[in-house]
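The chain contents come next:
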Amino acid sequence: MSGDRDLTDLFVEEARAVTVGEAVERLGVAGLRPAGIGESVGPCPVAGGRDGFSVNTVKNAWNCRRCGDGGHDGIGLAAHNLGLDVKRREAFLAACAAVLGRPVPEGGAESDEARAEREAALAARREAAATRAARETRTQADFRERERRKAAGKWLQADGKELLAYGYLEARLGLGRRVLPVLPALRVIAAEPYWHGTGEDGRAVAIHEGAAMVLPFVDSGGTVIGCHLTWLDPSGPKGRPTLCDPATGERLPTKKMRGSKKGGLLPLVGFGLHADGRILPDPARTRLVLGEGIENVLAIGVAEGFRADTLYAAAGDLGNLAGPADGRSAFSHPELTKVGKDGKARPLRVAGPVPKPDQDAGDAVQAPAGLTEILLVADGDSERYATAAAMLRAEARLSAGGRAVTIAWPPKGMDFAELLSGAGERRAA
Ligand SMILES: [Zn+2]
């Protein structure tokens, strides 16, 4: 009976050589979908489901999460699919027969003819396996190339969106394309809803959705505490959409601040993004150009050629730039009046030029450590007296510690961005 034994051993040996990929083909496993390099997923042929069953022809492995079974050979896969218990000899041989696609041999030593046939079949299988391996390699290369293109596409898309923000800023400043330095914290959200008011059901209503430029408010420790949004529309006035209250028709601002801004600044140029998520000033820079609005600070940067020793940042609004006032420094506006409850008009009281003593670091934007010089950029299109008092407050507050603080005033009724863009238009003409 040793002949029988040899023939069965050869049969088993042959079955052990069947790869997982070959077994999948031979067993006709249905419903597999490609899911990665050499990997396919689908329903378990026994237990069903959606994607609990997977085979990997590169790793020569199969796994079934539903049955809690898996392995690295075709016999085990056949046993799983056909419900065969490989611990039993007959069942094991039946699994071998399944992966080989022919019955378990019965009796007799292998004849010369049969051996030649088997060896020819083995050679053909090895050749087919080599062809398949070459195909897998090509598929892997294709897969990697597709992934690379997808990744590149994402980056290009993101770049394109940020270019929208650069395009907006450069148009506002009257500049040609690509003259602004990199603003490392600048991002664009492709579709940001603009919430305004509530509907009949009491829920907030988005009256607009579109691209928005976003810059983070960063506290003195470098942590993002809020953000500043500017909705963009290249075809709209000043590059921004026209937004109106649906009920009153009143024009709405195209800029909004979210989260917290007090004590934080909007980093523009000279800041670095750190791996821990913090945004910190380049410590080698000892000068700061700081203003209320992003565009005005950038206008100064363009005018002075974005100095390598300078940080450029915005405070977001005048209150955050100036900080709270000492109530005793309040003064009456020389022209503007306010009608009181008694119906009489009195001069408008304006917050004064003296900073409130004992302020909190969270009350207004703080100067980064190590600065020796600050240029404050005033916004000339705001109310002149209140702005002047606020700028003096900022000057007094930020010159603590012996820093040299200067205020740059644009011509009356203008801001620096308009001044620069006007100059830009004249140059182009
Ligand atoms: Zn299963």
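Here the structure is shown first, and the text comes after it.
Asker: Is there a simple way to explain the environment of Leu 93 in this structure?
Answerer: As for its position among the elements, Leu 93 is in helix H4 (residues 89-100). Setting aside anything within four residues of it in sequence, one finds Leu 93 in contact with Thr 8, Phe 11, Val 12 and Val 104.

Asker: So what exactly am I meant to see when it comes to the sheet that holds strand E3 (residues 48-56) here?
Answerer: Strand pairing in a sheet relies on backbone hydrogen bonds, with the paired strands running either antiparallel or parallel. Read across the open sheet, the five strands follow the order E1-E2-E3-E4-E5; overall the sheet is antiparallel. Taken across any chain shown, the strands that pair with only one partner, and hence form the sheet edges, are strand E1 (33-36) and strand E5 (69-71). Each adjacent strand pair in this sheet contributes to an overall mean axis angle of 25°, direction not counted. Direction of pairing for E1 relative to strand E2 (residues 39-44): antiparallel, over a ladder of three bridges. Looking at E2, one finds that Gly 36 is bridged to Glu 39. Each of E2, E3, strand E4 (61-64) and E5 is contacted by helix H3 (residues 74-82), which is oriented at about 25° to E4, the strand it contacts most.

Asker: Explanation requested: the pattern of salt bridges in the structure shown.
Answerer: Side-chain pairs of opposite charge can arise whenever the charged atoms involved come near each other. A full pass over the atoms with the stated rule returns 14 salt bridges. When the shortest N-O distance is used, the salt bridge between Glu 192 and Arg 258 registers 3.3 Å. Of this pair, Glu 192 sits in strand E6 (residues 187-198) while Arg 258 sits in strand E9 (residues 255-259), and the two are 66 residues apart along the sequence. A relative accessible area of 28% means that Arg 258 is categorised as partly exposed. Note that Asp 276 is salt-bridged to Arg 278, the shortest N-O span being 3.0 Å. Among the residues examined, Asp 276 registers a relative accessible area of 52% and is labelled exposed. For Arg 278, a relative accessible area of 34% translates into the label partly exposed. One salt-bridge network, in which partners are shared between bridges, spans Arg 240, Lys 255 and Glu 295.

Asker: What should I look at first to understand the environment of Arg 132 in this one?
Answerer: Secondary-structure assignment places Arg 132 in helix H5 (residues 112-172). The class of Arg 132 is buried, set by a relative accessible area of 16%. Apart from residues no more than four positions distant in its own chain, Arg 132 is found in contact with Glu 22 and Glu 25.

Asker: Before we go on, may I ask you to explain unusual backbone geometry in this structure?
Answerer: With glycine set apart, most residues show a phi of negative sign, and most peptide bonds adopt trans. We note that Asn 60 has phi near 50°; this positive angle belongs to a residue other than glycine. Relative to the elements of secondary structure, Asn 60 occurs in the loop between E3 and E4. According to the relative accessible area criterion, Asn 60 is partly exposed, its value standing at 24%. One non-glycine residue with positive phi stands out, namely Lys 238, at about 55°. As for its placement among the helices and strands, Lys 238 is situated in the loop between strand E8 (224-231) and E9. Judged by relative accessible area, which is 46%, Lys 238 ranks as partly exposed.

Criteria and cut-off values
- Residues numbered from 1 in each chain as written.
- Predicted model: local features only at pLDDT ≥ 70, side-chain atom pairs only at ≥ 80, totals over all residues.
- Heavy atoms only, no water.
- Helix = DSSP H or I, 4+ residues; strand = E, 2+ residues; numbered from the N terminus.
- Contact = heavy atoms within 4.5 Å.
- Pairing = 2+ DSSP bridges.
- Axes fitted to C-alpha atoms, helices over the stretch in contact; angles between N-to-C directions.
- Salt bridge = Lys/Arg side-chain N within 4 Å of Asp/Glu carboxyl O.
- Buried < 20%, exposed > 50% of the residue type's maximum accessible area, 1.4 Å probe, protein only.

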